[in-house]
Every structure is written in C-alpha cells, then in structure tokens.
Amino acid sequence: MSDSFVLDVTRIREEAQRKMEAGPVTGSYGLDEERVIAILNDVIATEVVCWLRYTRHAISAIGIDRAQVSAEFTEHAAAEMQHAIRAAERVSQLGGDPDFDPATLVQRAHTDYTTPASDDLKAMLENNLLAERIVISTYQEIIRWLGDHDPTTRRLMESILEEEEEHADDIIDLLGT
Ligand SMILES: [Fe+2]
Ligand SMILES: [Fe+2]
C-alpha cells in the first residue's frame, strides 16, 4: 500500500513539473476550468452590479431613518466590491482573465440594477433584499455544482454566500419584518 502511494506521489510530482505554466491548476482539478472561470466572471458582474445599486441607494436614501439605512447600504456596498475582487483573483489563479467589462455587466449579472421611482427607504430595502435572495440561490447552486471538484473555489463561494445571508438578515431587521 505504501508503495503505490509513493508511486502516486512520483506521478504527481512529475505532472506538476511538466505543466508548471498551468499554475495552481493541476491534473487532479476535477472540472472544466473554462466553465468555472465563466461562472466566476458572472459572479464578478453580479457583485459589481450589487455594489453599484447599494452605492446609489446609500447616496440617495431619504427619510427619517436615512442615516442608519444609508450606513448599512454603504457597508454592504464595500462587501460586494470585495466579493468581486476575490472572485477576480480566483479567475486569475485559474488562468483566466477577470471580466469587469461594463458593456456586458448587466447581461452577465444575476441581479438587476434597480432603483425605485422614489428614494423611499422601504422600496430600496426591498430591492436589495430581492437581490440578496437571488444571489443566495444562485451561489448555493454554484456551490452544489462545484461539489468536491474545486474545494478552493467552493470555499470562496461559501464564504461569500455566508456574507450575502448576513446582508439579507440585516435588511430584514431594518424592514422590521
Ligand atoms: Fe456579494
Ligand atoms: Fe450582499
């Protein structure tokens, strides 16, 4: 048993040496990396659109609870931008080009850049809660699809998902529902 283990290590070492230019993507990577890169690039688009929406709402919010709601939106906006950057770093590790192209952001994003007709706090909160609920579902699907094939990308998506659930919870608290 230990012999075959040594043989495996030898094969892995040789493979790692042979394909040095592939960076962290090795023969034991269980998925089509092009597909993972495309999915992560759509996550980047989603996060950028969420950053734009939260930032717009933080600035435009009016009403008696403006200060509190605006501060929450600003905090969420900063988190969404970090999510975009973390997804982009993973795309780069996988040998892809992070796609921040504004020309295609809207089509690629899972969520919409919605702005309510009025700068009503409740409508803004509802827009953002809907967006969070959408990303919670789509990210859960991505995590299930990744399975055990790419633990690093899965952990990244799980950590982002955890923060999206916190965002949804924060909004529920502000809505007082
Ligand atoms: Fe996010
Ligand atoms: Fe979020």
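In this text, all values refer to a predicted model and were calculated from it rather than measured experimentally.

(A) Seen up close, the coordination of the iron ion (ligand 1). For the iron ion (ligand 1), every protein donor is listed as Glu47 (OE), Glu47 (OE), Glu80 (OE), His83 (ND1) and Glu164 (OE), and the spread of their distances is 1.9 to 2.5 Å. Along the chain, the residues that donate to the iron ion (ligand 1) are spaced as E-x32-E-x2-H-x80-E. Between the iron ion (ligand 1) and the iron ion (ligand 2) the interatomic distance amounts to 4.0 Å, and glutamate 80 serves as a bridging ligand to the pair. A residue pair is termed long-range when its members are at least 10 positions apart, and histidine 83 in helix α3 (residues 66-93) and glutamate 164 in helix α6 (residues 151-175) qualify at 81 residues. Its relative accessible area of 0% is what places histidine 83 among the buried residues. Judged by its relative accessible area of 1%, glutamate 164 falls in the buried class.

(B) Main features of the packing of aromatic side chains. Throughout the structure, instances matching the rule amount to one aromatic pair. Arginine 35 extends its terminal NZ or CZ atom over the ring of tryptophan 145, reaching a point 5.7 Å from the ring centre. Across from the ring centre of tyrosine 54, 6.0 Å away, lies the NZ or CZ of arginine 53, which sits over that ring.

Calculation rules
- Residues numbered from 1 in each chain as written.
- Chains lettered and ligands numbered in written order.
- Predicted model: local features only at pLDDT ≥ 70, side-chain atom pairs only at ≥ 80, totals over all residues.
- Heavy atoms only, no water.
- Donors = N, O, S within 2.8 Å, 3.2 Å for Na, K, Ca; no water.
- Helix = DSSP H or I, 4+ residues; strand = E, 2+ residues; numbered from the N terminus.
- Buried < 20%, exposed > 50% of the residue type's maximum accessible area, 1.4 Å probe, protein only.
- Phe/Tyr/Trp six-rings, centres within 6.5 Å; stacked < 30°, edge-to-face > 60°.
- Lys NZ or Arg CZ within 6 Å of the ring centre and 35° of its normal.

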